[in-house]
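Chains, contacts and geometry: an overview
Each chain, written out:
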Protein chains: 2
Amino acid sequence: MPTDFSRTRAQFDLPEGIIYLDGNSLGPLPRNVAARVQKAITEEWGQMLITGWNKAGWMDLPTRIGDRIARLIGAEAGHVVLGDTLSIKVYQALASALEMNPGKRVILSDTGNFPSDLYMAEGLVRTLGQGFELRTVAPEAVEDAIDDSIAVLMLTEVDYRTGRRHDMPALTAKAHAKGALTVWDLAHSAGATDVAVAEGGADFAVGCTYKYLNSGPGGPAFIYVAPRHAERARPALSGWLGHEAPFAFDLDYRPARGIERMRVGTPPVLQLAALDAALDVWDAVSITDLRARSLELTEAFIAGVEATCPTLTLATPRDPARRGSQVSFRHPEGYAIMQALIARGVIGDFRAPDIIRFGFTPLFIDLDDVAAAVEILAEIMATDAWDTPQFKTRAKVT
Amino acid sequence: MPTDFSRTRAQFDLPEGIIYLDGNSLGPLPRNVAARVQKAITEEWGQMLITGWNKAGWMDLPTRIGDRIARLIGAEAGHVVLGDTLSIKVYQALASALEMNPGKRVILSDTGNFPSDLYMAEGLVRTLGQGFELRTVAPEAVEDAIDDSIAVLMLTEVDYRTGRRHDMPALTAKAHAKGALTVWDLAHSAGATDVAVAEGGADFAVGCTYKYLNSGPGGPAFIYVAPRHAERARPALSGWLGHEAPFAFDLDYRPARGIERMRVGTPPVLQLAALDAALDVWDAVSITDLRARSLELTEAFIAGVEATCPTLTLATPRDPARRGSQVSFRHPEGYAIMQALIARGVIGDFRAPDIIRFGFTPLFIDLDDVAAAVEILAEIMATDAWDTPQFKTRAKVT
């Protein structure tokens, strides 16, 4: 049975009068989240108190929810765990991968990577010292830059600014051929594309849940370790919940079995409850259908904007296979244009210096939304409605 | 005006029929939390969507709440920030302190420290290589072990098992005299004692919020960096929200000013909302009164148990100055005794091999609770009520 996207849309609580094309930054509120979190607070924490760790299953949330996410990213069940933030998970994956590949000291990434990933790599390289190095090249130069010196290839599959999608299987294969391990950041892939980490050969993958997975502001991150590495990877951030026997309170660290070792401290139960509820909508979604629907939406938006807004330059690959689930255009006055759009109820965002971004999240965006957004954007561009001090004055941007 | 602890007690939602002496493990639910989190979900996330980062003040929660906690730990305002878990904050503090003290490579800690702190130090030492070392001694041997080789002294002020309190000012002074920096873990101090990090000279301090600060399961941690180090400390886990200009999306990391650099990834807004609400009760609490009340409670419990339970051996220091806000006793059948207590509604916990722990949290425990708990414990011990298979069979312990 094909996925019914009108049913998934009905499961979100979207404010009246807006077209929300920023689900790639912060997903909207699923209708069942408030009650689920309320239950975690009053019935679980309030009534069970400390016994909630077992009775309410809090302790197992990170792996139980990990299995729900595994399906969405094409991972083997039992090899994904939730916790911390994406930046922390990047650090763990990188440190593990470097340790598993001794003798090489270069992390290769690209300048289209989300800066936090690069910052975390910088911090790790600085901590390691001894000639460790973070090397960044342009996204299109990555393939050629994978040589025998590379210990770890760290890439974000879908570029947060342009929506350009790397070829995970091909780049991973080349990395492996050259003796490198891979760390894939799925921040803009999970819940957005037909990402398939097992099939793609990824060694490590990490991602966040507050974008296309709609877990809410500050929802926890996830990490995947390929089964072939599960008992070899060292978590670097070796906290007690990643210990083989946390409640033995031993003085020495022994990693837990498999993915459990990537746990660090006490899991954020309220955020996990929100995430768990938010994942319910996915039970009725086929990832193949999701990808088809996503491309239908982005194709329609590109065609509509290009037909009506000649001064906007497409920044997203025209080839659907090289595209995530967002569309970006460049314009020197991008900031003001986005402000004008927001004033008209079309919520996208701006990324310096000149990119306007639109996320197309099939769960709640449909072709009518696309047509309406195109119409409003075309009107703004045709009338120069963005060209007022109100829209050109820059506020603090998130 | 002295603190009115009957008023603070009224602000908690405690289940009927229990005496909750486990607030040192997971604090109970403050009455205002559910509504505050609900508001964050429906009014903020649901209605403001991405604009909540500015409009609802989400982005500033980590420092704004940091100031609220600063007062409770005797820190200077503007030098505490929330985020991540305690284990992650331990790693940041340790890595920063080691980098600020080049030429020395030993982290000194004690065997009474919470294992996760030791595990994180182990992971860091392993990552650093090059002769870095974690050295642990018995708690009473710490002072003598502080010599010129020590780079960082890392201690938990109050022992999670025995409730023994280290002398922060004295040990910090000795560490400084020997050229070492200090990292103090306040997990069992913040909200429990009159901890004073500025006066005590601490260089770094870290703590969790789900114990005596009642933020709920998995509430975020905090970190304090002394003002004199604020512009020198490097966070090691250098994420984008610790960047000088996160929304410039620069490719290179530059630490933010002061404590902001200890931020890493996206803050957990729902958990922070719970914490923010949970801190309201503290507005009417004097820390001096809290400490006096805590000692009144622990003194009464020790006296009551020692008068009625001759087979229980006090594991907590008899000297009030050396005591946190918990009392522990040893007994070879501690596990079964605690199960028998829990069956009677007295909730404490057990820590292997033989410790029964009771946390006295002045905000909601009073002398009547102490008397009732003593009476039930005495009855259990006098009648050997613990000596049944029901209580002696060990389940998974949290």
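A brief look at the structure comes next. These figures come from a predicted structure and were not determined experimentally.

The rules behind these values
Residues numbered from 1 in each chain as written. Chains lettered and ligands numbered in written order. Predicted model: local features only at pLDDT ≥ 70, side-chain atom pairs only at ≥ 80, totals over all residues. Helix = DSSP H or I, 4+ residues; strand = E, 2+ residues; numbered from the N terminus. Contact = placed C-beta atoms within 7 Å. Buried ≥ 20, exposed ≤ 12 C-beta atoms within 10 Å, placed from the backbone. Pairing = 2+ DSSP bridges. Right-handed = clockwise from strand over helix to strand, strands pointing away. Axes fitted to C-alpha atoms, helices over the stretch in contact; angles between N-to-C directions.

Overview of the environment of E122 of chain A
By the element assignment, E122 of chain A lies in helix α6 (residues 115–128). Taking the C-alpha atoms as reference points, E122 of chain A and F358 of chain A, 236 residues apart in sequence, are found 30 Å from one another. Dropping the residues within four chain positions of it, E122 of chain A is found in contact with L134 of chain A together with S238 and Y253 of chain B.

As for the pairing of strand β6 (residues 181–185) of chain A
Residue and element names in this part refer to chain A. With 5 of its 5 residues buried, β6 lies for the most part within the structure. Side-chain alternation along β6 places L181, V183 and D185 on one buried face and T182 and W184 on a second face that is also buried. In this sheet, β6 lies alongside strand β5 (residues 150–156) in parallel orientation, the contact comprising 5 bridges. In the strand pairing of β6, V152 is matched with L181. Where the polypeptide runs from β5 across helix α8 (residues 168–177) and back to β6, its parallel neighbour, the crossover connection is right-handed.

Re unusual backbone geometry
Cis geometry is found at the peptide bond from A352 of chain A to P353 of chain A, where omega equals 5°. Mapped onto the fold, P353 of chain A is located in the loop between β12 (349–351) and β13 (355–359). Within the chain, A236 of chain B stands out as a residue other than glycine whose phi angle is a positive 65°. Mapped onto the elements, A236 of chain B comes out in the loop between β8 (221–225) and α10 (269–279).

Let's talk about the sheet that holds strand β9 (residues 313–314) of chain B
All names here are of chain B. Ordered by their spatial adjacency, 4 strands build an open sheet running β9-β10-β13-β12, and the pairing between neighbours is antiparallel. Of all the strands in the sheet, just β9 and β12 (349–351) have a single pairing partner and so form its edges. Here strand β10 (residues 326–330) runs beside strand β13 (residues 355–359); their pairing, made up of 5 bridges, is antiparallel. Across the sheet, residue R330 finds its bridge partner in β13, namely I355. Contacting β9, β10 and β13, helix α11 (residues 287–308) crosses the sheet at an angle of about 20° to β10.

A closer look at the sheet that holds strand β9 (residues 313–314) of chain A
Residues and elements named next belong to chain A. Reading across the sheet, the 4 strands line up as β9-β10-β13-β12 and stay open at both edges, with antiparallel pairing between neighbours. Each of the sheet's edge strands pairs with one partner strand only, and the pair in question is β9 and β12. By the bridge criterion, 3 bridges tie β12 to β13 in an arrangement that is antiparallel. By the bridge assignment for β13, F350 is matched with I356. In the packing of helix α11 (residues 287–308) onto the sheet, contacts are made with β9, β10 (326–330) and β13, and the angle to β10 comes to roughly 20°.

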